[in-house]
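Structural characterization, general
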Amino acid sequence: MSEQKFRIESDLLGELKVPADALYGVQTQRGINNYHISRKTMSMYPDFIIAIAYVKLAAIQTNHTLGVINDEIAGAISQACREIIDGKHHDNFPIDMMQGGAGTSVNMNANEVIANRALEIMGYEKGDYQHCLPNDHCNCGQSTNDVYPTTIRLALIRMNKSLVAALTGLISALRYKGEEFKDVIKMGRTQLQDAVPMTSGQEFNAYANNLEEEILNLERNVKLLHEINMGGTAIGTGLNAVPGFAKLCAANLSKLTGEAFVSASDLVEATPDTGAYVSYSSALKRLSIKLSKICNDLRLMASGPRCGLNEINLPPKAPGSSIMPGKVNPVIPEVVNQVCFKVIGNDATVCFAAEAGQLQLNVMEPVITESLIESLWWLKNAIETLTEECILGITVNKERCYEMVKNSIGIVTALNPYIGYKTCTKVAKEALQTNRSVYDIVLEQKLMTQEELDNALDPKNMLNPHKFKMK
C-alpha cells in the first residue's frame, strides 16, 4: 500500500499537512481536525455545495464586470465553479455541517477548492497560491457573513422544490384513493366517538386538500429566502466590496439560478437577521403536524384486524413482532410520525439559534442550516416512502364500514330536523341501553313513517346538505 503524500500549507495558526491530491487547503484541514460532531459532511448535501458554487460564480462575475479581477483568473474561477455545479469535486467538501465560526470553515472550504481547481485550469500546481488566492480572489468583495447565509437560502430554495414535488405526489395518491373509495359509506367520528356518516372518499380527499394548503404555505415562506445580503461583507457596511457589488451580485445570482434574488435594502439589518429561517422552519413544522395527524388516522383506521376499527388495510411491509405470530404493524405511518417529531424538534432548535444572535451577526447559523436541511431531506424521503409504500396500496373494507354505519347510534343526528334534538336524544339513549337500532325504535314509537325514515337515513342525504322541512 503506497504511503499518502502531503503538501504543506500555512495560515494564521501555522503550518499543516494537506493531502497532496486534495483541492482543499489548510483552513479546510483545520475544520476537518476540529469538528467531529454530526459526522454529516458537506459532501452529503449536494444542493448545499452547488448553492455555494453558484454564489461564488455570481461573485466572480460581479468582480470581473466591475474591473476588480482580470480575465484569466476570473475565467478559471468561473470554470471551477461550473464544474462544482455540474457535480464534480464534491468529495473535496469534507467539513462537518456542525461547526463554530458562523460557517467560516464552509466558506473557506469552497474558496480553497475553487482556487486550487482554478490553479490547475491555469496550468499551475495545487497550493501555488501566488497565481490565485482563496481569500484574495475567490473571496473578493465577500465575507463568510454574506456568503454563508446566501448559500443557505439558495440551498433551501433548491431543496424546497424537491419537497414540493414529493408532496404533490402524495396529494395525487390521496386523490386517487378518494376517487376509488367515493362510494364507500363509513362512520365519521369526533372525539373518537361516533358522529355522522361520510364516505372514505371524502376522508381521503380531505387529506389531499389539507396537504395542498401546505404547498401554498411553503411557497409563501420560501419567497422570504430570496432577499440576500451579498456585498454586505463582515457586518453589512460593505467593507472591501466595490460600489455596485451588492445589487449586481444579486442580479447575477438571479440570472444563474432562475430565482428572483434581491439585495436587501439594509445590509446591516440583513446580516444578522434570521427571520426568514424561522418562518420557513415553521412552515416545515406545520406540514409535519398535518402529516403526522394523517398517519395517526391511518393507524387508527387500520387497527385490528379483529379487535379494532379495521376500516382499511395498509400494505403489509414486515412481520410485526418477534413473539406474536401473524402480527403486522403499520410501520410506514409509524416511521413518518417519527420523522415529523424530528422536524418539530428541529424547528425548536432553529428558534433557539435565531434568538441567540448577538449584535451584528448570528454565529449560530450552522445549526440552523443543519436543522433545516435535515428537516427538508427527511421530510422529502418520508413523504415519498408514505406515498409509494403505503397510500397507493391501501384497500378498504367496505362491508365492515357499512355495518358500523347501520349499527351506529350516531345516525340519529340525521333525524334532528324531523323529530327534534330532544326526541333524538331519548332515542339514542334507549338504543344504547337496549342494544337496539335507532331505525327500529323510531318506527316502534311512530315518530316517523317508514318512508320518511328511509329517506332521512338514505346515505345520499346524510353525506351532503339537502332540503328538509321541520315538523
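The notes below deal with the structure included here. (Residues numbered from 1 in each chain as written. Predicted model: local features only at pLDDT ≥ 70, side-chain atom pairs only at ≥ 80, totals over all residues. Heavy atoms only, no water.)

1. Observations concerning the pattern of salt bridges
Counted only if it meets this: By convention in these notes, a salt bridge is any Lys or Arg side-chain nitrogen within 4 Å of a carboxyl oxygen on Asp or Glu. The helix count covers DSSP runs of H or I at least four residues long, the strand count covers runs of E at least two residues long, and both are numbered beginning at the N terminus. Exposure categories follow from relative accessible area, calculated using a 1.4 Å probe and restricted to protein chains: below 20% of the type maximum is buried, above 50% is exposed, and the middle band is partly exposed.
Applying the stated criterion to the full structure yields 26 salt bridges. In this structure, Glu370 engages Lys40 in a salt bridge whose closest nitrogen and oxygen atoms are separated by 3.3 Å. Separated by 330 residues along the polypeptide, Glu370 in helix α12 (residues 365-389) and Lys40 in the loop between α1 (26-34) and α2 (46-65) bring together distant segments of the chain. By the burial criterion, Glu370 is buried, and Lys40 matches it.

2. Observations regarding the packing of aromatic side chains
As a reminder of what qualifies: Any Phe, Tyr or Trp ring, taking Trp's six-membered ring, that has another such ring centre within 6.5 Å forms a pair; planes under 30 degrees apart are called stacked, those over 60 apart edge-to-face, and the others tilted.
Applying the stated criterion to the full structure yields 3 aromatic pairs. A ring pair is formed by Phe48 and Tyr148, whose centres lie 6.1 Å apart and whose planes are at 75 degrees; its orientation type is edge-to-face. Of this pair, Phe48 sits in helix α2 while Tyr148 sits in helix α6 (residues 144-180), and the two are 100 residues apart along the sequence. In terms of burial, Phe48 and Tyr148 fall into one category: buried. Residues Phe204 and Tyr207 carry aromatic rings whose centres are separated by 5.8 Å and whose planes lie at 75 degrees to one another, so their mutual orientation is edge-to-face. Of this pair, Phe204 and Tyr207 both sit in helix α7 (residues 200-222), separated by 3 residues, roughly a single helical turn. Tyr207 shares its class with Phe204; the two are buried. Grouped by ring-pair contacts, the aromatic residues Phe181, Phe204 and Tyr207 constitute a single cluster.

3. Examining the side chain of Ser288
Mapping Ser288 onto the fold places it in helix α10 (residues 275-301). Take Ser288: its relative accessible area is 0%, and that puts it in the buried class.

4. What about a nonpolar patch on the surface?
Put simply, the rule is: A patch consists of residues whose relative accessible area exceeds 30% and which take part in no salt bridge; residues with like charges are grouped when within 9 Å of each other, and nonpolar side chains (Val, Leu, Ile, Met, Phe, Trp, Tyr) when within 5 Å. For the accessible areas, the method is Shrake-Rupley and the probe is 1.4 Å, while residue cover comes only from the protein chains on display.
On the surface, Ile289, Phe341 and Ile344 cluster together into a nonpolar patch covering about 280 Å² of accessible area. Following the sequence through the fold, Phe341 ends up in helix α11 (residues 331-355). Overall, the relative accessible area of 52% leaves Phe341 in the exposed class.

5. Quick notes on the packing of helix α3 (residues 71-85) against helix α4 (residues 104-121)
What counts is decided by this rule: To get an axis, fit a line to the C-alpha atoms, keeping to the stretch in contact for a helix; angles then go from 0 to 180 degrees between the N-to-C directions. Handedness of a crossing is defined here by the sense of rotation of the near helix relative to the far one, left-handed for an anticlockwise turn of less than a right angle and right-handed for a clockwise turn. Throughout, a contact is declared for two residues whenever any of their heavy atoms are within 4.5 Å. Residue classes follow a fixed rule: Ala, Val, Leu, Ile, Met, Phe, Trp, Tyr, Cys and Pro count as nonpolar, while Asp, Glu, Lys and Arg count as charged, and any other residue, Gly among them, counts as polar.
Axis separation between α3 and α4 bottoms out at 8 Å; the angle between their running directions is 115 degrees. The chirality of how α3 crosses α4 is right-handed. Residues Ala76, Ile77, Gln79, Ala80, Cys81, Glu83 and Ile84 of α3 touch α4, and the partners they reach there are Val113, Ile114, Arg117, Ala118 and Ile121. In terms of residue class, the contact of α3 with α4 is made up of 9 nonpolar, 1 polar and 2 charged.

6. As for helix α13 (residues 398-406)
Our working rule: Summarising the geometry, the arc corresponds to the directions from the helix axis toward the C-beta atoms.
Taken residue by residue, α13 has Cys401, Met404 and Val405 as its buried positions. Burial along α13 is one-sided: seen end-on, the buried residues are contained in an arc of 105 degrees. The elements touched by buried residues of α13 are β3 (185-190), β4 (193-199) and β8 (395-396).

7. Overview of the pairing of strand β1 (residues 6-11)
Quick reminder of the rule: Each pair of strands is called paired provided DSSP finds at least two bridges between the two strands.
Here β1 pairs with strand β2 (residues 14-19) via 6 bridges, running antiparallel. Considered in β2, the bridge of Asp11 is made with Gly14. If you look at the hairpin formed by β1 and β2, you'll find 2 residues sitting between the two strands.

8. What about the side chain of Glu370?
According to the relative accessible area criterion, Glu370 is buried, its value standing at 10%. Beyond its immediate sequence surroundings of up to four residues, Glu370 is in contact with Lys40, Met97 and Met98.

9. Some remarks on the state of the cysteines
Spelled out, the test is: Pairs of cysteine sulfur atoms within 2.5 Å are what we label disulfides.
This structure, assessed with the given rule, holds 0 disulfides. Counting only cysteine sulfurs, Cys140 is the nearest neighbor of Cys249, a cysteine outside any disulfide, at a range of 11 Å.

10. Some details on the nonpolar core
Let me state the cut-off plainly: We define the nonpolar core as a collection of buried residues of types Ala, Val, Leu, Ile, Met, Phe, Trp, Tyr and Cys that are connected through side-chain atoms lying within 4.5 Å of one another.
Formed by 109 residues in total, the largest nonpolar core has its most connected members in Phe48, Leu298 and Leu386. Ranked by residues supplied to this core, first place goes to α6 with 16 residues. Ignoring anything within four residues of it in the chain, the contact list for Leu298 reads Phe204, Ile312, Leu314, Pro333, Leu386, Cys390, Ile391 and Ile394. Leu415, Ala431, Leu453 and Ala456 belong to the second-largest nonpolar core, a separate cluster that totals 22 residues.

11. Some remarks on the pairing of β3
Examined bridge by bridge, β3 and β4 share 5 bridges and lie antiparallel to one another. Residue pairing for β4: Lys186 is matched across the bridge by Met198.

12. Some remarks on the packing of α2 against α3
Condition: By definition in this entry, angles of less than 35 degrees are roughly parallel, angles greater than 145 are roughly antiparallel, angles of 65 to 115 are roughly perpendicular, and the rest are oblique.
At a minimum axis distance of 9 Å, the contact between α2 and α3 shows a crossing angle of 160 degrees. Here α2 lies roughly antiparallel to α3, going by the angle between them. Along this stretch, α2 crosses α3, giving a crossing that reads as left-handed. In this structure, α2 contributes Ile49, Ile50, Ala53, Tyr54, Lys56, Leu57, Ile60, Gln61 and His64 to the contact, and α3 contributes Asp71, Ala74, Ile77, Ser78, Cys81, Arg82, Ile84 and Ile85. Looking at the contact of α2 with α3, its residues break down into 11 nonpolar, 3 polar and 3 charged.

13. With respect to unusual backbone geometry
Backbone torsion omega between Gly304 and Pro305 reads 5 degrees, so that peptide bond is classified as cis. Here Pro305 lies in the loop between α10 and β7 (312-313). Of note in the backbone geometry, Leu359 takes a positive phi value of approximately 55 degrees without being a glycine. In this structure, Leu359 sits in the loop between α11 and α12.

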